[in-house]
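Chain by chain, the residues:
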Amino acid sequence: MTVPVRKALAAAGKYVLLLLMAAFCGFPFLWMFLTSVKPAPELYRTPPTFLPEQWVAAAYPEVWVNGRFVLYFWNSLLVAGFTTLLAVALATLAGYGFARFRIPGGRAMLLVMLFTQMFPAVLLAIPYYVLLRQLGLLNSLSGLVLVNTTFALPLATWTLRNYFLTMPKELEEAALVDGCTRLGALWRVILPVARPGVMAAAIFCFINAWNEFMFANTFISRAALRTLPVALHGLIGQYSTDWTLLMAGSVITTLPIAAVFLLVQRHLVSGLSAGSVKG
Amino acid sequence: MVTGRRNLQEHGLMGLALVLPAMLVLVAVVLYPLARGIYMSFHNVTFLNLAQGNHLFVGFQNYLAVFAKPAFWTAVKNSAVWTVANLVFQMALGLGFALLLNQPLRGRGMFRSIALIPWIVPSVVAVLTWRWMYDSGNGILNHWLMRLGVLDAPVNWLGSVNTVLWSIIAESVWKGTPFVMVLLLAGLQSIQSELYEAAQVDGARNWHILGLIILPLLKRHLAIAAILTVVYTLNNFNAIWLMTQGGPLHASEILVTYAYKTAFQDFNLGQASAIAVIIFIFLSLVATLYISVVERGE
């Protein structure tokens with residue numbers, strides 16, 4: 001074979017592989033969406049339709065209003081939002097401390113944080129249940145915020161510490177010479193520049209808390225306090241499941257996460273090895 | 001600057017003050033509960049006597065009781081299969097995807113975004129979507145396999161002890177592979193392209209370039225991806241719980257679901273803590289490995 005022909009064949013082969021990869025990665029997502037816009041009879045017919053013959057969006061208002069997803073969405077927003085606020089506020093101070101000061105035992109503390117992220121959640125779920133019960137925080141969203149901080153705080157601290165390390169020390173030295181206090185320099189000089197790092201840390205925390213299922217499923221039994229993942233799980237019936245409704249709820253649950261992802265894809269990828277955000 | 005010693009002391013104190021709030025929260029929400037968990041694993045704690053507060057010290061009895069249960073050993077075996085299979089498939093596919101997406105091809109950006117979809121989808125959503133695809137009556141998978149002539153009759157993927165674990169492994173490989181891909185792609189992009197070109201000019205085969213140049217340079221990235229995959233897979237409660245809760249007949253039971261069940265369905269918090277501590281010890285070994293890799297890089 002001549003060289004150009006061989007090159008063309010190789011490129012074609014690569015595109016075939018790329019298409020296979022795209023089909024594997026994309027199909028379940030596509031199927032979730034297609035299911036959510038089909039009328040029920042099309043789902044249960046043999047053979048089922050691939051593209052809907054009739055596009056129906058009725059499942060969305062149904063799950064949002066009658067399925068009370070508007071309430072669960074709000075609960076998820078509260079839990080994820082406050083977890084993020086709490087974790088990022090503490091992590092900004094700590095990340096800055098770890099990056100700029102020689103703290104006695106600092107290395108050990110950082111490693112404990114890294115270690116914490118690898119804990120099996122179930123190991124903590126059992127004592128959490130006992131402690132939340134004692135504190136009267138079972139069936140409360142604040143209890144969930146507290147336990148979600150476990151994984152959010154170390155993640156945010158590591159992300160921010162790594163980000164602060166990349167920033168030149170001259171920045172705040174100039175501010176200190178001008179008579180700023182350390183905290184003043186952090187607030188007025190460092191933070192505005194470190195915004196991409198803070199954003200990335202915040203989004204890591206938000207995504208983790210938004211997706212959290214085990215704690216919410218275990219510590220919340222009142223239906224009105226459910227978060228979205230628990231509510232989705234609740235749509236699985238013992239004998240039959242309304243898959244159109246469940247998939248519409250799934251799209252609603254995915255949208256906010258997909259939106260923030262698109263917004264900050266670059267930062268997320270660069271800050272990855274700092275912590276295990278694998279879920 | 002001011003004289004050394006005093007400056008250093010001030011630094012130390014200021015730094016300590018900055019990290020203190022975070023460390024206090026960490027002690028309260030992680031270290032103290034962890035200690036409570038280990039304590040419970042040596043005491044007779046159940047939902048019934050939970051309120052009493054004064055629990056009988058039972059030594060290693062919780063551990064021995066757990067070891068005596070066949071279901072525990074099933075969960076150990078399944079955890080091993082589950083972890084190794086996820087590791088092998090996620091690393092192989094992740095490396096393949098990363099190599100493919102590192103090629104200078106048109107439309108690469110779009111394919112890269114598509115490959116990230118499984119990572120972005122919340123895990124509960126991912127599991128429930130796959131559960132729908134696996135549905136024995138109306139699932140798309142059975143329908144397609146029958147149409148292609150692979151199957152004569154629909155298979156109850158999640159209801160049969162022979163297929164259930166591997167069916168969930170497929171979902172979890174789908175969900176976890178993009179993360180491996182992202183880590184390895186970042187590594188590949190840091191390898192200078194002159195290296196490949198020099199090798200190509202020298203007439204090296206593609207396989208040789210991969211084995212002799214790329215993989216050795218990617219060693220650290222591969223190690224981090226592999227360790228995080230093991231940790232995440234062992235801890236992956238959602239995939240199993242939302243598909244089958246470990247059933248049928250413990251066929252998809254792994255240690256974390258078994259510990260959870262022992263705590264919140266059998267209400268034996270002492271024994272559940274014992275299982276959790278066993279998982280913790282194993283994960284500590286893996287985490288130590290991870291920390292040594294991270295330390296070496298800094």
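Here the residue numbering is sequential within each chain, running from 1 through the sequence in written order. To read the labels, note that chains go from A and ligands from 1, taken in the order they are written. For a predicted model such as this one, the threshold for reporting local features is a pLDDT of at least 70, and the threshold for listing and counting side-chain atom pairs is 80 or more; totals across whole chains, interfaces and linings nevertheless cover every residue. Water and hydrogen atoms play no part in the side-chain values, which are based on all heavy atoms of the structure.

Engineer: I'm lost on the interface of chain B and chain A in this one. Help?
Structural biologist: Many analyses report the size of an interface as the accessible area lost when the parts associate. For this analysis, residues touch if any pair of their heavy atoms sits within 4.5 Å. Every contact between the two is made by 94 residues of chain B and, on the other side, 90 residues of chain A. In total, about 8800 Å² of surface goes out of reach between chain B and chain A, with carbon and sulfur atoms giving 80% of it. Salt bridge, as used here, is a side-chain nitrogen of Lys or Arg placed within 4 Å of a carboxyl oxygen of Asp or Glu. Counting every contact that joins chain B to chain A gives 0 salt bridges. Here a polar contact is taken to be a pair of N or O atoms separated by no more than 3.5 Å, where protein atoms must pair a possible hydrogen donor with a possible acceptor and residues adjacent in sequence count only if both atoms sit in side chains. Our count for the chain B to chain A interface comes out at 9 residue pairs in polar contact (both at pLDDT 80 or more). Helix numbers and strand numbers start at the N terminus; a helix is a DSSP run of H or I with at least 4 residues, a strand a run of E with at least 2. The element best represented in the side of chain B that touches chain A is helix α1 (residues 4-41) of chain B, accounting for 21 residues. For the side of chain B that touches chain A, the class distribution of residues is 69 nonpolar, 17 polar and 8 charged. Using a 1.4 Å probe, buried area is obtained as the accessible area two parts lose upon being combined, added over both of them. Put simply, Ala, Val, Leu, Ile, Met, Phe, Trp, Tyr, Cys and Pro go in the nonpolar bin, Asp, Glu, Lys and Arg in the charged bin, and everything else, Gly too, in the polar bin.

Engineer: Is there a simple way to explain the packing of aromatic side chains in this structure?
Structural biologist: For any pair of aromatic rings, geometry is given as the distance between the ring centres together with the angle between the planes. For Phe, Tyr and Trp, rings pair up if their centres lie within 6.5 Å, where Trp contributes its six-membered ring, and each pair is then called stacked (planes under 30 degrees apart), edge-to-face (over 60) or tilted (otherwise). All chains considered together, the criterion is met by 37 aromatic pairs over all chains. Taking 5.5 Å as the distance between ring centres and 70 degrees as the angle between the ring planes, the aromatic pair formed by Tyr128 of chain A and Phe215 of chain A counts as edge-to-face. With Tyr128 of chain A in helix α6 (residues 121-135) and Phe215 of chain A in helix α11 (residues 214-219), this pair connects stretches of sequence that are 87 residues apart. Ring pairing ties together the aromatic residues Tyr128, Tyr129, Phe215 and Phe219 of chain A together with Phe47, Phe237, Trp241, Tyr260, Phe264 and Phe267 of chain B, which thus form one cluster. In this scheme, Lys NZ or Arg CZ marks a charge over a ring once it lies within 6 Å of the ring centre and within 35 degrees of the ring normal. Just above the ring of Trp158 of chain A sits the side chain of Arg161 of chain A; from NZ or CZ to the centre is 5.1 Å.

Engineer: When you look at the domain arrangement of chain A in this model, what are you seeing that I'm missing?
Structural biologist: All names here are of chain A. Parsing chain A into structural domains produces domain 1 (3-36) and domain 2 (66-274). The gap between the C-alpha centroids of domain 1 and domain 2 is 34 Å. Listed per partner, the contact involves 5 residues of domain 1 and 7 residues of domain 2. Summing both partners gives a buried area of about 470 Å² for domain 1 against domain 2, and 85% of it is carried by carbon and sulfur. The largest share of the area that domain 1 buries against domain 2 comes from Met32, Thr35 and Ser36, three residues that together contribute 86% of it. Applying the counting rule to domain 1 against domain 2 returns 0 salt bridges. Counting every contact that joins domain 1 to domain 2 gives 0 residue pairs in polar contact (both at pLDDT 80 or more). Of the residues assigned to the side of domain 1 that touches domain 2, the class counts are 3 nonpolar, 2 polar and no charged. Residue ranges assigned to the domains are those given by an automatic or database domain assignment.

Engineer: Would you take a moment to explain the packing of helix α4 (residues 69-100) of chain A against helix α9 (residues 182-193) of chain A for this structure?
Structural biologist: Any two packed helices are characterised by the angle at which their axes cross and by the distance between the axes. Residue and element names in this part refer to chain A. Interaxial distance between α4 and α9 falls to 12 Å at its minimum, and their mutual angle equals 105 degrees. Considering the angle they form, α4 stands roughly perpendicular to α9. Two secondary-structure elements touch here, α4 through Thr92, Leu93 and Tyr96 and α9 through Arg182, Leu183, Leu186, Ile190 and Leu191. Its residues assigned to classes, the contact of α4 with α9 comprises 6 nonpolar, 1 polar and 1 charged. Fitted lines through C-alpha atoms give the axes, limited to the stretch in contact for helices. The angle between two N-to-C directions lies from 0 to 180 degrees. Throughout, the term roughly parallel applies to angles under 35 degrees, roughly antiparallel to angles over 145, roughly perpendicular to angles from 65 to 115, and oblique to all others.

Engineer: What's the story with the side chain of Asn49 of chain B in this structure? I'm lost.
Structural biologist: Residues and elements named next belong to chain B. Of note, Asn49 is situated in the loop between α1 and α2 (61-67). Polar contacts involving the side chain of Asn49 include one to the main-chain amide nitrogen of Thr46, which spans 2.9 Å. A distance of 3.5 Å separates a polar atom in the side chain of Asn49 from a polar atom in the side chain of His55. Apart from the residues within four sequence positions on either side, Asn49 is in contact with Asn44 and His55.

Engineer: Where do I start with the nonpolar core in this structure?
Structural biologist: Note that soluble globular proteins tend to have their nonpolar side chains buried in a common cluster. Ranked by size, the top nonpolar core spans 196 residues in total, and within it Leu144, Phe215 and Phe219 of chain A carry the most contacts. Looking at which element gives the most residues to this core, the answer is helix α13 (residues 269-297) of chain B, with 15 residues. Residue-level mapping places this core at the junction of two domains, with at least three residues from each of domain 1 (3-36) and domain 2 (66-274) of chain A. Aside from chain neighbours lying at most four places away, what touches Leu144 of chain A is Val79, Phe215, Ala216, Phe219, Ile220 and Thr227 of chain A. Note on terminology: a nonpolar core comprises buried Ala, Val, Leu, Ile, Met, Phe, Trp, Tyr and Cys residues joined through side-chain atoms within 4.5 Å. Between buried and exposed lies partly exposed: a residue is buried under 20% and exposed over 50% of the maximum accessible area for its type, with that area taken using a 1.4 Å probe on protein chains only.

Engineer: I would appreciate a short explanation of the layout of surface pockets in the present structure.
Structural biologist: Unfilled space is identified by rolling a water-sized probe across the atoms. Residues are said to line a cavity or pocket when one of their atoms sits within 4 Å of a point; the points come from a 1 Å grid over protein atoms alone, cavities being sets where a 1.4 Å probe fits but cannot get out and pockets being open sets with protein on both sides within 12 Å along at least five of seven lines. Grid points are joined across faces, edges and corners, and a volume is the space filled by probe spheres set on the points. As a volume, the largest pocket reaches approximately 1500 Å³. What lines the largest pocket is a set of 32 residues, and nearest its centre among them are Ala10 and Lys14 of chain A together with Gln103, Gln200 and Asn206 of chain B. Taken together, the elements giving at least two residues each to the lining of the largest pocket come down to α1 (3-36) of chain A together with α3 (70-101), α7 (164-190), α8 (193-201) and α9 (206-217) of chain B. If one sorts the elements of the lining of the largest pocket by residue count, α1 of chain A sits on top with 9 residues. Each residue belonging to the lining of the largest pocket can be placed in one class, and the counts come to 18 nonpolar, 8 polar and 6 charged.

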